[in-house]
Amino acid sequence: MLYLVLACDVLFWVFLGGGLAARYAAGRRTLGGVLLLCVPLIDVVLLAATVLSIRNGAEPTIWHGLSAAYLGITVVYGHRTVRWADARFARRFGEDAPPPRPKPYGRAAIVDAWTSWLTFLLAYALSVGLMFGLVALVGGLDAGAPLLVWLNPLTKVLIYSLIWPVLTTIWPGKPPEATENT
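The present account deals with the structure reproduced in this document. The model shown is predicted, which means the values in this text are computed figures rather than measured ones.

Axes are the key here: two packed helices are described by the angle between their axes and the distance separating the axes. Taken N-terminus to C-terminus, the directions of helix α1 (residues 2-25) and helix α3 (residues 62-92) make an angle of 10°; their axes are 11 Å apart at the nearest point. On the basis of their axis angle, the class for α1 and α3 is roughly parallel. The two elements α1 and α3 meet at a crossing, and its hand is right-handed. Between α1, through Leu-2, Val-5, Cys-8, Asp-9, Phe-12, Trp-13, Leu-16, Leu-20, Ala-21, Arg-23 and Tyr-24, and α3, the contact on the second element is made entirely by Trp-63, Leu-66, Ser-67, Tyr-70, Gly-78, Thr-81, Val-82, Ala-85, Asp-86, Phe-89 and Ala-90. For the contact of α1 with α3, the residue count by class is 16 nonpolar, three polar and three charged.

Quick look at the structure:
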């Protein structure tokens, strides 16, 4: 299962890079679109392989739990990553203006920090839901305990990542001072 998770991660980047290269560098928009459509199919393949492995009697391992954690994160962040990379490729190949940068101060910084944290909270919730779904599939916590190993690191990241939005809310920063022409 570990190798399948690793293969899916590598394939994500291969299809993303290949799709964007075909779309922008080679000018083959249709081929690029088809390759980019394969990106979410990787998650479907991983989910199906994980469920089939468990249903066919494989002993639940921490790698099945990693699969659930990985799926939760890629489902939430995958589309965002594709959009981000697409904007960079479009800019690099002269088809688009640079994307606007978020303001690193004030209300915009607070909203950005909390939006980022809430996005991770969604990925966390999806990962945990998938893990507990696999636990239910194997028949309970006794048999499914190895699936929940990834709860600890995911929960730590969730808690520690809360520090940034809290600090940004307390100290949102100030706009840069306008320079005077004298």
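Judged by nonpolar contacts, the single largest core of 16 residues is most densely connected at Phe-12, Leu-16, Leu-20, Leu-46 and Tyr-70. Only α1, α2 (29-55) and α3 provide two or more residues apiece to this core. Contacts of Leu-16, omitting those with residues within four sequence positions, involve Leu-36, Val-39, Thr-81, Val-82 and Ala-85. Judged by nonpolar contacts, the second largest core, of 15 residues, contains Phe-120, Leu-134, Leu-147 and Leu-148.

Viewed as axis vectors pointing N to C, helix α4 (residues 106-138) and helix α7 (residues 163-170) meet at an angle of 165°, and their least axial separation amounts to 9 Å. Taken together, α4 and α7 sit at an angle that is classed as roughly antiparallel. In terms of crossing hand, the pair formed by α4 and α7 is left-handed. Each of Ala-109, Ile-110, Ala-113, Trp-114 and Trp-117 in α4 lies in contact with α7, whose residues at this interface are Trp-164, Pro-165, Val-166, Thr-168 and Thr-169. Across the contact of α4 with α7, the residue classes tally to eight nonpolar, two polar and no charged.

Parameters at a glance
- Residues numbered from 1 in each chain as written.
- Predicted model: local features only at pLDDT ≥ 70, side-chain atom pairs only at ≥ 80, totals over all residues.
- Heavy atoms only, no water.
- Axes fitted to C-alpha atoms, helices over the stretch in contact; angles between N-to-C directions.
- Helix = DSSP H or I, 4+ residues; strand = E, 2+ residues; numbered from the N terminus.
- Parallel < 35°, antiparallel > 145°, perpendicular 65-115°, else oblique.
- Left-handed = near helix turned anticlockwise from the far one by under 90°.
- Contact = heavy atoms within 4.5 Å.
- Nonpolar A, V, L, I, M, F, W, Y, C, P; charged D, E, K, R; others polar.
- Core = buried A, V, L, I, M, F, W, Y, C linked by side-chain atoms within 4.5 Å.
- Buried < 20%, exposed > 50% of the residue type's maximum accessible area, 1.4 Å probe, protein only.

None of this, on its own, says anything about what the molecule does.
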